Amino acid sequence: MLEIGFGPGVVGLLDPSFPLEWIGTFASVAAVAPLEGLDTVARILIEGLGKASIYFIIAIGLTLVFGLMGVLNFAHGAFAMVGSYVGGVLMVLLVASSAGAATRIVFFVIVVAVVFALLTAVGAALEVGLVRPIYDRTPMYQILLTFGVGLILEEVARIVATARGIQPEPKWSGAQATIPSALDAPSEILLTLFGARIRGFYLFAIVAGAILAVVVWAFLTRTLYGLYIRAGSEDSEMVEALGIDVRRAFTIVFGLGTGLAAVGGVFLMWDPTAGPSVLLNLEVLLYAFVVVVIGGLGSFKGTVVAALIVGLADSLTTWLFTSGTVPFPGLSEVTLFLLLVIALVIRPQGLYGVEEVGGH
Amino acid sequence: MAHIAVIAFFAVYPIVYGPLTGFPALDVGVGIVDPGAFFDAFLPATTFLIAMLFLGLFAMSFDFVSGYTGYLSFGHAAFYGIGAYFIVLVANGKVPGLPDSTPFMLTMLLGALLAVVLALLIGAVSFRLSGVYFAMLTLGFAQVLYQLVRNWDYVGSNPQQGPNLAGPTPEVGVPYVDSLSIALGRLAGDNFKNVLGTGIDVSATMTSYYAIGIIVVLSYFAMQRIVHSPFGRVMIAIRENEERARAVGYNVFWYKMAAFAMSAFFAAIAGALFAAYRSSASPDTTFYFLVTADALIVTIIGGIGTLAGPLFGAFTFEWLEDVLSSQQGGLAPYLRGGLPESVLNADVAGVTFLDVINTAIDGRAPLYLGIVFVLFVLFVPNGLLGSIRDRLGGTVANRLPAHLERYRR
């Protein structure tokens, strides 16, 4: 079920010809618009790639869990939200107001590692305690269970955040303030290269997303557990017959999926359009679904490609609708779901998906 | 029999509720006992029962397609929203060809037919897929509609808040026969003093409750009729084994489409009742993904695949909402007012009991609902009504008399 590109998928990602194809498409669209220069093209592209990285980070955990276990994890967004809050708490505790950009980024990496470890343990425990007893039922019950877990986590987060005085502020600005000013302001690198005023955060996201993609890919193709996971998603009965403990693989993958969701949450803490909030739960959940479904449920390659498509389309439409080329500002919010609908109408099983996976 | 008992219970409930909460407080020496306040805190108020009615009908329509054909319609809120927005827009004179004086019942049916058309369009695309993909595609369509309505300033001056109902309160009844029409609406509806000389006053809220209740009951019996017809048997056959149903010779695609369309019809009626009662509609309470989720939760608690189950699930839902609400008649104000000062301020590890009430009880219905939901998924997968049926070995109406017979003598 989990279709991981051994070579072609990730080579496709790293292969210069692939992104260039997209650059070509979007550049030609942008070139049609009058009075727009290189800075606009660069802005759309780099913001798009930055958004694509964030979409990838929040969706990849969902892909892993679905690919191996066939469980559509509706608590994914809630895990991201919890990760965002926990990461925020740690950052606020660690970062003094005088800390420089480099220190803050080092702390950020430490926080990502801590949150990942923490939430991986939580996810594994949840799998053993709640999900494991209901594998023998129809897939719908696993959806329902994880959805219920998400509801509970959301309310608990709301109670804690209210009690600690973080809510009812829509976003927790205290955690957002820990972003180094170099990432919050227009990036100097991009200004000198293209003359484009883009937040440094997007550059940071591109680097982080690329690193994470390579790490997950290496885990899946270079480690023993990655092998178990790939084999288990092909035919879990056969793997079990060969003496591999599939149940333990399920636990580990659910834990990893949870940890990756939380890492996504930590990134969204610094995202200028997101920030730690209870609402992050549903936002992340819906975005992750769109990416995973367009890419084909359970496909690593599909997640990478879909994240790129969605990210670039998102930044392109945001630009189109805010620059006044198309006079309907709200439409940029529809883009994501329109893409989902169009993708499913044209290619029901997703770009790299196998048809009817997880159906019943 | 069971139907009559349930309907009678809900019909009598608001009449009994008044006297029960009206019990005077008694001083029994050691302290004050106030049964009225107790009932007020633990019995759902009529306003919550009205919410139960339209949520229940919406959940039934969701269960009609998801519980009986097995296709999880994750964007069902789209039809609910169509019904609700159609009422408000027609009443505001914003739908071309329909004057703002169009009778409510007519508007409701037209809105429901519009939902049917939409369902056929969505279904034509979505039924090419099944399982998770079907759920995602319906969700995608609903979210597109949600975002469009949220940003379309034609529907209201502030589309994110949604339009309000201008003009007269919608009247339920037979169209064009004024003497049979009763105005709905929480505050602006009809009320009747001393009905038929019985001394019972029917308030505006109670009037809405009965008027909406009649439509919900009629819709329930219509759906129940369909489910028990040969058509309903085919729906169940599709749920149990679609391949086999196709092999037997049924054109499963059209059966699924028809079931989806009928379900959309009743979902739109539920939305219309909601909008008429609330005199407004907003994207977040009609078209949003969480509205479908409410129907899903209620259906699971009540019993998926049992048409009446969602109503009992909705009752549980609204009861929790009422008990845990912050307003008068909730548990938190009751505890705060009823418990002695010394208990409220008892300090355990820096946390007083009052803090516990304020953080863990006051307005925390979603938390407990989530916990109840997870417990149901884990331990009571067939829901309230489904489990009772399993226990009795058949539907309650058929099996309960025989079951009771055993305990007679």
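Residues numbered from 1 in each chain as written. Chains lettered and ligands numbered in written order. Predicted model: local features only at pLDDT ≥ 70, side-chain atom pairs only at ≥ 80, totals over all residues. Heavy atoms only, no water.

Caption draft 1: Region of interest: the overall build of chain B. Per the secondary structure count, chain B includes 19 helices and six strands. Relative to a compact globule of 409 residues, whose C-alpha radius of gyration would be 22 Å, chain B shows 23 Å and is just as compact. For chain B, the share of sequence-separated contacts (at least 6 apart) that also reach a separation of at least 24 residues comes to 69%. Summing over all exposed atoms, chain B offers an accessible surface of approximately 18,000 Å²; the carbon and sulfur share of this is 65%. For chain B, the distance from the average site of its 20 positive side-chain charges to the average site of its 24 negative ones is 15 Å. (Helix = DSSP H or I, 4+ residues; strand = E, 2+ residues; numbered from the N terminus. Rg over C-alpha atoms; globule rule 2.2 N^0.38 Å. Contact = heavy atoms within 4.5 Å. Areas by Shrake-Rupley, 256 points an atom, 1.4 Å probe, with all protein chains shown as cover. Lys, Arg positive; Asp, Glu negative; His and termini not counted. Charge placed at Lys NZ, Arg CZ, Asp CG, Glu CD.)

Caption draft 2: Quick peek at helix 6 (residues 139-163) of chain A. Residues and elements named next belong to chain A. Compared with an ideal rise of 1.5 Å per residue, which puts 25 residues at 36 Å, helix 6 spans 37 Å between its outermost C-alpha atoms and is within 8% of the ideal. Of all 25 residues in helix 6, 19 are buried, a share of seventy percent or more. Phi for G165, located one or two positions after helix 6, is positive at around 80°. (Expected span 1.5 Å × (residues − 1). Buried < 20%, exposed > 50% of the residue type's maximum accessible area, 1.4 Å probe, protein only.)

Caption draft 3: A look at the nonpolar core. Ranked by internal contacts, the top residues of the largest apolar core, which has 231 residues, are F74(A), L273(B) and F289(B). When residues no more than four places from it in sequence are discounted, the contact partners of L273(B) are F54(B), L57(B), F104(B), M108(B), I212(B), I215(B) and V216(B). A42(A), L190(A), A196(A) and Y202(A) belong to the second-largest nonpolar core, a separate cluster that totals six residues. (Core = buried A, V, L, I, M, F, W, Y, C linked by side-chain atoms within 4.5 Å.)

Caption draft 4: Here's a closer look at the interface of chain A and chain B. Contacts between chain A and chain B engage 46 residues on the former and 41 residues on the latter. The contact between chain A and chain B buries some 4,100 Å² in all, and 78% of this surface belongs to carbon and sulfur atoms. Here chain A and chain B share one salt bridge between them. Here E155(A) makes a salt bridge to R364(B), at a shortest N to O gap of 3.9 Å. On inspection of chain A and its partner chain B, the count reaches four residue pairs in polar contact (both at pLDDT 80 or more). At the level of secondary structure, the elements contributing two or more residues to the side of chain A that touches chain B comprise helix 6, helix 14 (280-295) and helix 16 (331-346) of chain A. (Buried area = accessible area lost by both parts, 1.4 Å probe. Salt bridge = Lys/Arg side-chain N within 4 Å of Asp/Glu carboxyl O. Polar contact = N/O pair within 3.5 Å; in protein donor to acceptor, adjacent residues only side chain to side chain.)

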